[in-house]
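Tertiary structure, described
Next come the chains, spelled out residue by residue.
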Amino acid sequence: SIIDYYLALAIGAATTQTRKKWLLTASVSMNLGILGLFKYADFALTSVADFLLVFGVEASLPTLSWVLPVGISFYTFQSLSYTIDVYRGDMQPRKGLVHFTTALAFFPQLVAGPILRARKILPQFHSLPIPTWEGARHGFLLVTSGLIKKTAADLLAIPAAVLFEAEGPVSLLETWTGVLAFAGQIYGDFAGYTDMAIGLALIIGFKIPPNFRLPYFAISPVDFWRRWHISLSSWLRDYLYISMGGRNQRYRNVMITMLLGGLWHGAAWTFVAWGAFHGVIITATHYLSSLRPFAGFVGSTSRLLTILKWAMTFYLVLVGWVLFRA
């Protein structure tokens, strides 16, 4: 928090583009370095040891075994958005270390998001909003909604565990029940937390943007990521995908973005596989939509075709959840 605060001030005061780039590089290196040490160092070391074991080389590499700070992925990206926005000129550096550190440690969404952009949350701390009865009513409704979703998620975790923690073969019915239950569990768990975070913020007068918009009603993999974990997908788009060139190398950039997005969720190869799977189906969607025979299918508003596109998308999302939970 302190380093990014002063680096942002230095970027704003820098007179040359070269100096700004060096300062931004320092911020990115510091943030990703801390995240990498706490979250990915042991994963990398054990992966190297496992790879060497394939060739018969047994390597006992030392691991850090550091305790992972709760919410580190969220507030790392949040802090990074500040220095990047200042570098790009999207916002001026803000003076007030207490304001900045308080915004970064904002308790309603600290643990699991949404990822707040500095330019949206910092102004609210510089000009503290006054809580209203309307906001409080809406906030309590969202907290209640979140608690219901979280409760449903806990109940759905039971049939999901029957499938994913089974020690022997499972039936077709158990498979479908478990996969659908996990789809409901992860949505209820994450969206429920988000509802409560937005609700708690509203009660004390702050506004947090929504993070989910009926994701299981998406009609394409691209549409799914416009509805699921919106704060992460938009962050990856604005700060990673566009920075790599956006549509100039669309397929490559989509794959890299989704691979890193998968790894962001956790230090395991299953998350990488999940990210790669979504990268493939997103690039396939873009490619097929550019072909003339599929243009009518993609742009059609026919109810029957819309239901077909929804069913195909939902099925692909379920396949992805199997990789995510495995």
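This write-up is about the structure you can find in this document.

Moving on to the packing of helix α10 (residues 250-265) against helix α11 (residues 269-289). Between α10 and α11, whose axes approach to 7 Å, the crossing angle comes to 150°. One way to sum up the angle between α10 and α11 is to call them roughly antiparallel. The two elements α10 and α11 meet at a crossing, and its hand is right-handed. Contacts between α10 and α11 involve R250, Y251, V254, M255, M258, L259, G262, L263 and H265 on the former and, on the latter, F271, V272, W274, G275, A276, H278, G279, V280, I282, T283, H286 and Y287. Broken down by class, the residue content of the contact of α10 with α11 amounts to 13 nonpolar, seven polar and one charged.

Take the packing of aromatic side chains next. Under the criterion given, the structure shown has 34 aromatic pairs. When the centroid spacing of 5.8 Å and the interplanar angle of 40° are considered together, the rings of F77 and W264 count as tilted. In this pair, F77 sits in helix α3 (residues 72-88) while W264 sits in helix α10, placing the two residues 187 residues apart along the sequence. Across this residue pair, the class does not change: F77 and W264 are buried. Seen from their ring centres, F106 and F107 are 6.1 Å apart, and the 65° between their planes marks the pair as edge-to-face. Here F107 falls in the exposed class, since its relative accessible area comes to 54%. The ring of W264 carries the charged tip of K39 above its face, separated from the ring centre by 5.7 Å.

The next subject is a nonpolar patch on the surface. A contiguous nonpolar surface patch, about 500 Å² in accessible area, is contributed by L172, W176, L180, Y315 and V319. Listed by contribution, the elements that provide at least two residues to the nonpolar patch are α7 (172-203) and α13 (303-325). Looking at the nonpolar patch, the element that brings in the most residues is α7, giving three residues. Note on placement: V319 falls in helix α13. The exposure class of V319 is partly exposed, given its relative accessible area of 30%.

Put simply, G113 and P114 share a cis peptide bond, and its omega is 5°. Relative to the helices and strands, P114 resides in the loop between α4 (97-104) and α5 (118-126). Positive phi, normally seen in glycine, also occurs at H229, with a value near 45°. Mapped onto the elements, H229 comes out in the loop between α8 (221-227) and α9 (230-241). Judged by relative accessible area, H229 falls into the buried class, the value being 0%.

Taken as a class, soluble globular proteins show a tendency for nonpolar side chains to be buried jointly. Y82, F106, Y216, F224, W228 and W321 are the most contacted members of the largest nonpolar core, which totals 67 residues. Ranked by the residues each element gives to this core, the list is headed by α7, at 13 residues. In this structure, Y216 is in contact with A183, I186, Y187, F224, W228, W310, F314, V317 and W321, ignoring residues within four places of it in sequence.

Let us now look at the packing of α7 against α13. It is at 10 Å that the axes of α7 and α13 come closest, and there the two elements cross at 85°. Here α7 lies roughly perpendicular to α13, going by the angle between them. Counting all contacts with α7, which are made through W176, V179, L180, F182, A183 and I186, the residues of α13 involved are F314, Y315, L318, W321, V322, F324 and R325. Looking at the contact of α7 with α13 residue by residue, the class counts come to twelve nonpolar, no polar and one charged.

What follows concerns α13. When the terminal C-alpha atoms of α13 are compared, their 33 Å separation across 23 residues agrees well with the 33 Å that a helix rising 1.5 Å per residue should span. On its buried side, α13 packs onto α7, α8, α10, α11 and α12 (292-299).

Turning next to empty space enclosed by the protein. Using the criterion set out here, one finds one cavity of 30 Å³ or more in the structure. In this structure, the largest cavity spans a volume of roughly 50 Å³. For the largest cavity, the full set of lining residues is Q78, S79, Y82, F100, A103, L104, A118, I121 and L122. Taken together, the elements giving at least two residues each to the lining of the largest cavity come down to α3, α4 and α5.

Most of α9 sits out of view: ten of its twelve residues are buried. Here α9 has its buried residues at S231, L232, S233, S234, W235, L236, D238, Y239, L240 and Y241. Looking at the buried side of α9, the elements it contacts are α3, α5, α8 and α10.

This next bit is on the environment of W225. Here W225 is to be found in helix α8. For W225, a relative accessible area of 10% corresponds to the buried category. In this structure the C-alpha to C-alpha distance between W225 and I282, which are 57 residues apart in sequence, comes to 9.4 Å. Apart from residues lying up to four places away in sequence, W225 is in contact with S233, M258, W274, H278 and I282. Here the side chain of W225 touches H278 through a polar contact of 3.1 Å, side chain to side chain.

Definitions and cut-offs
- Residues numbered from 1 in each chain as written.
- Predicted model: local features only at pLDDT ≥ 70, side-chain atom pairs only at ≥ 80, totals over all residues.
- Heavy atoms only, no water.
- Axes fitted to C-alpha atoms, helices over the stretch in contact; angles between N-to-C directions.
- Helix = DSSP H or I, 4+ residues; strand = E, 2+ residues; numbered from the N terminus.
- Parallel < 35°, antiparallel > 145°, perpendicular 65-115°, else oblique.
- Left-handed = near helix turned anticlockwise from the far one by under 90°.
- Contact = heavy atoms within 4.5 Å.
- Nonpolar A, V, L, I, M, F, W, Y, C, P; charged D, E, K, R; others polar.
- Phe/Tyr/Trp six-rings, centres within 6.5 Å; stacked < 30°, edge-to-face > 60°.
- Buried < 20%, exposed > 50% of the residue type's maximum accessible area, 1.4 Å probe, protein only.
- Lys NZ or Arg CZ within 6 Å of the ring centre and 35° of its normal.
- Patch = residues over 30% accessible without salt bridge, like charges linked within 9 Å, V, L, I, M, F, W, Y side chains within 5 Å.
- Areas by Shrake-Rupley, 256 points an atom, 1.4 Å probe, with all protein chains shown as cover.
- Salt bridge = Lys/Arg side-chain N within 4 Å of Asp/Glu carboxyl O.
- Core = buried A, V, L, I, M, F, W, Y, C linked by side-chain atoms within 4.5 Å.
- Expected span 1.5 Å × (residues − 1).
- 1 Å grid on protein atoms, 1.4 Å probe; cavity = no way out; pocket = protein on both sides within 12 Å on 5 of 7 lines; lining within 4 Å.
- Points joined across faces, edges and corners; volume = space filled by probe spheres on them.
- Polar contact = N/O pair within 3.5 Å; in protein donor to acceptor, adjacent residues only side chain to side chain.

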